[in-house]
Amino acid sequence: MRKLLLTVALGAALAACSGHDQSTAQGEGNDAFQAKLQQQLLDAKAGSVIEIPAGHYHLNRGLSLRTDGVTIRGAGKDKTVLSFKGQVVGPEGLLVNASDFTIENLSLEDTKGDALKINQGKNITIRGVRVAWTDGPKTTNGAYGLYPVKTENVLIEDSSVTGASDAGIYVGQSKNIVVRRNRAEQNVAGIEIENSIDADVYDNVATGNTGGILVFNMPNLSQAGKATRVFKNQVNANNLDNFAAKGAAVASVPAGSGVVVNSNDKVEIFDNDIADHRTANVIISSYFSTNYYNTKGVAADYNPYPKGIFVYGNRFKGGGESPDGMKLKVLKSAVYGMSGRFPDVLWDGYADTKHGPVGANDRICIAGANGVLNADGPNDYKNPSTDTKPYECTLPKLPPVVLDAAKS
């Protein structure tokens, strides 16, 4: 189908904000721009390209798109800025319920809730998108920056998120995912893969968050997560105090967490630079350590334990000197002394013992770290172990994620 090119016609009222000086549209100009953009989203057809010129535009209500095959394109993430400061309608900045969707080269600022949510679509590309809450980290900021959920064949690249009160870059309950060359800073979770299958997370920078990169598997969702590779990332100094809303799953993430695996299966962490996390550079934990507030209970088929975790070939530096939370502080002092520090890898010690010995491919295998601490969470940290022999093993390597040719 021949592509239709729909360029946003801003009119004379917006002439001042359509140039490269990024001057701010005012009064009726903002209203006209907002109405025109939403109408073009409503009128879009498969193949439509909605281009938004350079400018700093103020919107007071969320946008939505429900048509497959649409591209939204700005003039650059530092040139086209959609600001939702003062948003009064809609929980998201942009809500997309569509497949074959691309958004690129623009910024979304100060949304009331999630900045960009994409629900139940296939073939999703997010490229060169900047999301920020400009007043800094606050619990009242939107929970998620870039937020594909229940999607398939997802590419997030060359983007950045700052200030999300849950996760900056989050992919949930999805399949076939690549997250690469992004930057996440001053979020609770920098990058999070949750209840997703087949994800590659690489060449990203996660710094200054509460936790750098998270791979979680939570109960009562549409699918269990497995098969995530975290590699070639820069994960440094994620020591920000946790500012998540009370009861959120990430509210239990200790400040100073580098890469965190919680209740997920078949996770590879390799060839990363991971440094200077005051709790631990790598944390491996179960659902029982989350303190996640859940009124529904846990589904009978939910697996709360991390299985098949392989940590190898990383470059670690520093960390572990001042863990977050009184229990971890006491544990650190009891095992390593007041001036000591946790090793690179901290495991909460919860393991599935109800189904016999742990299978060979369900083990936790660790190589190249300066130590492992089994915190003995099931016994309230009473009998921690520093023995590294149980982790001297290898696991089968996961295959690379292959996206549709049009996206790779």
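Our structure is the block above this text.
Presented here is a report on the structure given in the accompanying data block. (Residues numbered from 1 in each chain as written. Predicted model: local features only at pLDDT ≥ 70, side-chain atom pairs only at ≥ 80, totals over all residues. Heavy atoms only, no water.)

### Some points on the overall build of the protein chain
Argument step 1. The number of helices and strands found in the protein chain is 2 helices and 31 strands.
Argument step 2. Partitioning the intrachain contacts of the protein chain with sequence separation of at least 6 by distance along the chain shows that 66% fall at a separation of at least 24.
Argument step 3. In the protein chain, which carries 41 positive and 42 negative side-chain charges, the distance between the mean positions of the two groups comes to 2 Å. (Helix = DSSP H or I, 4+ residues; strand = E, 2+ residues; numbered from the N terminus. Contact = heavy atoms within 4.5 Å. Lys, Arg positive; Asp, Glu negative; His and termini not counted. Charge placed at Lys NZ, Arg CZ, Asp CG, Glu CD.)

### So, the sheet that holds strand β17 (residues 189–194)
Argument step 1. The strand order across the open sheet formed by 11 strands is β4-β7-β9-β11-β14-β17-β20-β23-β26-β29-β31, and the pairing between neighbours is parallel. In this open sheet, the two edge strands, each paired with only one partner strand, are β4 (61–65) and β31 (372–374). Adjacent strand axes in the sheet meet at a mean angle of 15° when their direction is disregarded.
Argument step 2. By the bridge criterion, 4 bridges tie β4 to strand β7 (residues 89–96) in an arrangement that is parallel. Bridge pairing in β7 links L65 to V96. (Pairing = 2+ DSSP bridges. Axes fitted to C-alpha atoms, helices over the stretch in contact; angles between N-to-C directions.)

### What about helix α2 (residues 326–336)?
Argument step 1. Here α2 has its buried residues at L328, L331 and K332. Looking down the long axis of α2, one finds its buried residues gathered within 100° of arc, a one-sided arrangement. Looking at α2, the residues exposed on the side facing more than 90 degrees away from the buried face are M326 and A334.
Argument step 2. For α2, the elements touching its buried residues are β29 (345–347) and β31.
Argument step 3. Residue G337 follows α2 closely and has a positive phi angle near 85°. (Buried < 20%, exposed > 50% of the residue type's maximum accessible area, 1.4 Å probe, protein only. Arc of directions from axis to C-beta.)

### What about the pairing of strand β8 (residues 101–109)?
Argument step 1. Burial analysis of β8 places 8 of its 9 residues in the buried class, which makes it a mostly covered element.
Argument step 2. With 3 bridges connecting them, strand β5 (residues 71–74) and β8 associate as parallel partners. Bridging across to β8, R73 finds its partner in E104.
Argument step 3. Direction of pairing for β8 relative to strand β10 (residues 122–132): parallel, over a ladder of 8 bridges. Bridge pairing in β10 places L108 opposite V131.

### Concerning the packing of aromatic side chains
Argument step 1. Scanning the model with the defined rule gives 14 aromatic pairs in all.
Argument step 2. With centroids separated by 4.1 Å and ring planes inclined at 25°, the aromatic side chains of Y144 and Y147 adopt a geometry described as stacked.
Argument step 3. On the accessibility criterion, Y144 (14% relative accessible area) is buried.
Argument step 4. Centroid distance Y287 to Y302: 5.6 Å. Interplanar angle 80°. Geometry classified as edge-to-face. With a gap of 15 residues between them, Y287 in the loop between β26 (280–285) and β27 (307–312) and Y302 in the loop between β26 and β27 connect regions that are remote in the sequence. An identical accessibility class is assigned to Y287 and Y302; each is buried.
Argument step 5. Every member of this aromatic cluster is reached through a ring pair, and the members are Y202, F231, F270, F310 and Y312. (Phe/Tyr/Trp six-rings, centres within 6.5 Å; stacked < 30°, edge-to-face > 60°.)

Keep in mind that these numbers describe shape and distance, not what the molecule does.
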